[in-house]
Amino acid sequence: MKRSLILGKESKEVELLHQDGMTTLVWEGQGHPIDILELEPGCYSILMEGRSVEVRLDQAKSPDPEAHAYRAMLYDGAYEFSLVDPRRALLSGTGGAGAGGGLLVSPMPGKIVKLLVKVGDQVQEGQTLLVMEAMKMQNELKTSTTGTVATVHVQEGATVETGATLMTVVATEPL
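Conventions and cut-offs
- Residues numbered from 1 in each chain as written.
- Predicted model: local features only at pLDDT ≥ 70, side-chain atom pairs only at ≥ 80, totals over all residues.
- Heavy atoms only, no water.
- Helix = DSSP H or I, 4+ residues; strand = E, 2+ residues; numbered from the N terminus.
- Buried < 20%, exposed > 50% of the residue type's maximum accessible area, 1.4 Å probe, protein only.
- Contact = heavy atoms within 4.5 Å.
- Areas by Shrake-Rupley, 256 points an atom, 1.4 Å probe, with all protein chains shown as cover.
- 1 Å grid on protein atoms, 1.4 Å probe; cavity = no way out; pocket = protein on both sides within 12 Å on 5 of 7 lines; lining within 4 Å.
- Points joined across faces, edges and corners; volume = space filled by probe spheres on them.
- Nonpolar A, V, L, I, M, F, W, Y, C, P; charged D, E, K, R; others polar.
- Pairing = 2+ DSSP bridges.
- Axes fitted to C-alpha atoms, helices over the stretch in contact; angles between N-to-C directions.
- Salt bridge = Lys/Arg side-chain N within 4 Å of Asp/Glu carboxyl O.

Further remarks concern the overall build of the protein. Assigned secondary structure in the protein consists of one helix and 16 strands. A buried classification covers 30% of the 175 residues belonging to the protein. Contacts in the protein between residues far apart in sequence, at least 24 positions, make up 39% of those at least 6 positions apart. Per element, the accessible surface of the protein, about 11,300 Å² overall, is 54% carbon and sulfur.

Quick look at the structure:
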């Protein structure tokens, strides 16, 4: 399964594939055969491209409840990183946010099941604006902007494509 690996301000797409008894790490689109052996709980030996490294992983705290945050201790120091399902990141974030507000765009094709706000409603960052059904699952789409709903571009029951603008939120001016 693909994940977004977030290290500091950088984000990289990673995936571990298990096929025919082999494990492949896909990093930035390139596959690398890898062997991972758990030596003890939380401590792993990783063999990749003829090099071996021992890694100790501990859970770390993250402000994002959808992120799986870790602290990895290696021979050259400690690193904190998060793994996020990129689909979940699309659903909880909203593409197109800017200083003046944000657009809630569809992260995938689907059907609008329920609108939870209307034009003129005040909303808070992280608030669910609508429920969308995609791949037989109901997904809550949230805003990344605190402000006022300026435009609702869809109606309940509408079918939308990936990238369709669903709502516009105008940011509240900071005091």
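Attention shifts here to the layout of surface pockets. If a probe the size of a water molecule is rolled over the atoms, the empty space left behind becomes visible. Considered as a void within the structure, the largest pocket measures approximately 1,400 Å³ in volume. Lining the largest pocket are 32 residues, with L5, L25, W27, I46 and F81 sitting closest to its centre. Taken together, the elements giving at least two residues each to the lining of the largest pocket come down to β1 (2-7), β2 (10-19), β3 (22-27), β4 (30-40), β5 (43-48), β6 (51-59), β7 (68-74) and β8 (77-84). Residue composition of the lining of the largest pocket, by class: 22 nonpolar, three polar and seven charged.

Bringing unusual backbone geometry into the picture now. Generally, phi is negative for residues other than glycine and the peptide bonds are trans, each holding for most cases. A positive phi is found at M135, a non-glycine position, where the angle reads about 55°. Given a relative accessible area of 65%, M135 falls into the exposed group. Of note, the phi angle at K136 is positive, near 65°, even though the residue is not glycine. Within the secondary structure, K136 is located in the loop between β12 (128-134) and β13 (137-142).

If you trace the eight strands once around the closed barrel, you get β1-β2-β3-β4-β5-β6-β7-β8, paired in antiparallel fashion. Between one strand axis and the next, the sheet turns through 35° on average, direction left out of account. In terms of strand pairing, β6 meets β7 through four bridges, oriented antiparallel. Pairing of R56 across the sheet is with M73, part of β7.

The antiparallel open sheet is built from four strands, whose spatial order is β13-β12-β10-β15. Unpaired on one side and paired on the other, β13 and β15 (159-160) mark the two borders of the sheet. Two elements, strand β10 (residues 110-115) and β15, share two bridges in a ladder whose sense is antiparallel. For G110, the partnering residue across the bridge sits in β15 and is V160.

A few words now on the pattern of salt bridges. Scanning all chains against the criterion turns up four salt bridges. Ionic pairing is found between E40 and R56, a salt bridge with its closest N-O pair at 3.0 Å. Of this pair, E40 sits in strand β4 while R56 sits in strand β6, and the two are 16 residues apart along the sequence. According to the relative accessible area criterion, E40 is partly exposed, its value standing at 42%. Residue R56 is classed as partly exposed on the basis of its relative accessible area of 31%. For the salt bridge of K118 with D121, the shortest nitrogen-to-oxygen distance reads 3.3 Å.

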